[in-house]
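Chain by chain, the residues:
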Amino acid sequence: MTAVRHTEGPDAGAVWHYGDPLREQRRLGAGQASVDLSHRPVFSITGRDRLRWLNDISSQDFASLAPGQPTAAYILDAQGHLTHVFGAMDDGETLWAHTEPGHAEPLLAWLQRMVFAARVEIAEQPDKRLVLPAGAPAPVVVDAAAVEEVLGEVRAGTWAMEALRIAAGQPRVFLDTDEKTIPNELANPENNLLGPATHLAKGCYPGQETVARIYNLGRPPRRLTLLHLDGSAERLPAVGADVMAGDRVVGRMGSSERHHELGPIGLALVKRQLPTDADLVVDGIAAGQQVLVDPEAGLHWRPAAGLGRR
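Right, let's walk through the structure included here.

Here is what the cut-offs are and how they apply
- Residues numbered from 1 in each chain as written.
- Predicted model: local features only at pLDDT ≥ 70, side-chain atom pairs only at ≥ 80, totals over all residues.
- Heavy atoms only, no water.
- Helix = DSSP H or I, 4+ residues; strand = E, 2+ residues; numbered from the N terminus.
- Phe/Tyr/Trp six-rings, centres within 6.5 Å; stacked < 30°, edge-to-face > 60°.
- Buried < 20%, exposed > 50% of the residue type's maximum accessible area, 1.4 Å probe, protein only.
- Axes fitted to C-alpha atoms, helices over the stretch in contact; angles between N-to-C directions.
- Parallel < 35°, antiparallel > 145°, perpendicular 65-115°, else oblique.
- Left-handed = near helix turned anticlockwise from the far one by under 90°.
- Contact = heavy atoms within 4.5 Å.
- Nonpolar A, V, L, I, M, F, W, Y, C, P; charged D, E, K, R; others polar.

### Some details on the environment of methionine 244
- For methionine 244, the position within the fold is in strand 12 (residues 242-245).
- Taking the C-alpha atoms as reference points, methionine 244 and isoleucine 285, 41 residues apart in sequence, are found 10.0 Å from one another.

Shown next as structure tokens:
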């Protein structure tokens, strides 16, 4: 099994593919392949107050988190902008968490500043690794010595994982977002209204006022969209490239990859008012939209049991 690794970008050093990326995608989608995510930093939070404390400072409902249940959370600033993200799973005594490569230091520094009198301890875990086992719904934290055993024989690289993620309309923070992003712009009917990291009925947390106001009354300034890119292009657009409609900049390009069925696809944040059938060009590559976030979000009423229109 020959591993081809990333040489640059946030996943530098990680296995991009093992020689057959499209087959790896099919196997990963079928729950038959594992992914080595050892490049993602792992940390832990212990102490009797850990879930209550995280519930108070993040966008997620940690107060109701059951042992063994995977989750994700955003840290927002006072204006509701995304500043940090982490995935986590609690085992009843310790919350094991991971975040994006290159972002652990500022996240842990922020968490430390927020401890105050809470009975929690935050620690880096350099001897732990992150792995997505075959068939698992989310990555797990394992001892470094156990990585090879957990991965098994059938593996997929990050190419496969990213292609499936993009096709599912799941944004990756810091690639598919910028400093202005609010959770409402990432809303997707297939990932729980405001995404898997934002809970709408858990009470106050930093940035909650903005999220709730736009959810209930207003329409977010931008919307996440899935772009189908021109397959004749030999390259993919750069992260952060301008999305153009004619001579107008109408959005920001995020991550992209070649999917085994859909071809080259990517995620972008575009202006809410942009017509969904507008012809677009990104980094010199023609693109068409597949709507993920309703352009009219905010004109709907949302009863507790589901969605509805006025």
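### As for the packing of aromatic side chains
- Counted according to the given criterion, the structure contains three aromatic pairs.
- Consider the rings of tryptophan 16 and tryptophan 159, whose centres lie 4.8 Å apart with planes at 20 degrees: the pair is stacked. One end of the pair, tryptophan 16, is in strand 2 (residues 15-17); the other, tryptophan 159, is in helix 5 (residues 158-167), and 143 residues separate them in sequence.
- Classification of tryptophan 16 as partly exposed rests on a relative accessible area of 27%.
- Judged by relative accessible area, tryptophan 159 falls into the buried class, the value being 12%.
- Where phenylalanine 62 meets phenylalanine 86, the ring centres are 6.0 Å apart and the plane angle is 15 degrees; that geometry is what we call stacked. Taken together, the positions of phenylalanine 62 in the loop between helix 2 (50-57) and strand 5 (71-76) and phenylalanine 86 in strand 6 (residues 82-90) put the pair 24 residues apart, joining distant regions of the chain.
- Residue classification places phenylalanine 62 among the buried residues on the basis of a relative accessible area of 0%.
- Its relative accessible area of 1% is what places phenylalanine 86 among the buried residues.
- A network of ring pairs unites the aromatic residues Phe43, Phe62 and Phe86 as a single cluster.

### What to know about the packing of helix 1 (residues 21-29) against helix 5
- In contact at an axis separation of 8 Å, helix 1 and helix 5 are set at 60 degrees when each is read in the N-to-C sense. Classified by the angle their axes make, helix 1 and helix 5 are oblique. The hand of the helix 1/helix 5 crossing is right-handed. Here Pro21, Glu24, Gln25, Leu28 and Gly29 of helix 1 lie close against helix 5, whose contacting residues are Trp159, Ala160, Met161, Ala163 and Leu164.
- Per-class residue counts for the contact of helix 1 with helix 5 are seven nonpolar, two polar and one charged.

No statement about biological role is implied by the geometric values presented.
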